[in-house]
Amino acid sequence: MPEGFNVVDLWVGCFRDEHSFDAYLGETYSNDDVTPLSQFAADQNQVFYDHDYIEASFHDTCDHCSRLIEEHAFAESYLDAACDAFTALGIRSANAVILAFGTEIHKPQSVEQPTYK
């Protein structure tokens, strides 16, 4: 794994549909330094992140951890640990995953809203 990619933060969740997930990650640029880049950035209390270090995918059906993650970059290096955490947290299935490599998200946190959890 390349330097800088030795940390990966993951968020898994359930979204109503792919449109909702895309809207959650949709980036809107502004000329100020206070408007978050996306709802995801806002939920992480960040204004900006480099989307080159973010991967995300939506799946039409809720699925187990390994199927959500296995197609993402360097998955073999963190798949087992991610699935162990998935199980330890009692997450049975999800239809969306967001991955942030390096320390792109400064203080990662879990979030639940009425339209996603």
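Refer to the structure printed above.
Residues numbered from 1 in each chain as written. Predicted model: local features only at pLDDT ≥ 70, side-chain atom pairs only at ≥ 80, totals over all residues. Heavy atoms only, no water.

Engineer: With reference to specific residues and values, describe the overall build of the chain.
Structural biologist: Looking only at helices and strands, the chain has four helices and three strands in total. Listing each helix as α and each strand as β along the chain from the N terminus yields β-α-α-β-α-α-β. In terms of overall dimensions, the chain is globule-like: its C-alpha atoms have a radius of gyration of 14 Å, near the 13 Å expected for 117 residues. Considered along the principal axes of its C-alpha atoms, the chain spans approximately 40 × 35 × 20 Å. Considering the chain as a whole, with its 117 residues, one finds that 37% of them fall into the buried category. For the chain, restricting intrachain contacts to residue pairs at least 6 apart in sequence, the fraction spanning at least 24 positions comes to 70%. Here the chain has roughly 7,200 Å² of accessible surface; of this, 49% comes from carbon and sulfur atoms. Averaging the coordinates of the 5 positive side-chain charges in the chain and doing the same for the 21 negative ones gives two points 14 Å apart. (Helix = DSSP H or I, 4+ residues; strand = E, 2+ residues; numbered from the N terminus. Rg over C-alpha atoms; globule rule 2.2 N^0.38 Å. Buried < 20%, exposed > 50% of the residue type's maximum accessible area, 1.4 Å probe, protein only. Contact = heavy atoms within 4.5 Å. Areas by Shrake-Rupley, 256 points an atom, 1.4 Å probe, with all protein chains shown as cover. Lys, Arg positive; Asp, Glu negative; His and termini not counted. Charge placed at Lys NZ, Arg CZ, Asp CG, Glu CD.)

Engineer: A description of a nonpolar patch on the surface should follow, citing residues and the corresponding values.
Structural biologist: A cluster of nonpolar side chains, Tyr 29, Val 47 and Phe 48, forms an exposed patch at the surface whose accessible area comes to about 310 Å². Take Tyr 29: it is sitting in the loop between helix H1 (18–25) and helix H2 (39–43). You can call Tyr 29 exposed: its relative accessible area is 53%. (Patch = residues over 30% accessible without salt bridge, like charges linked within 9 Å, V, L, I, M, F, W, Y side chains within 5 Å. Salt bridge = Lys/Arg side-chain N within 4 Å of Asp/Glu carboxyl O.)

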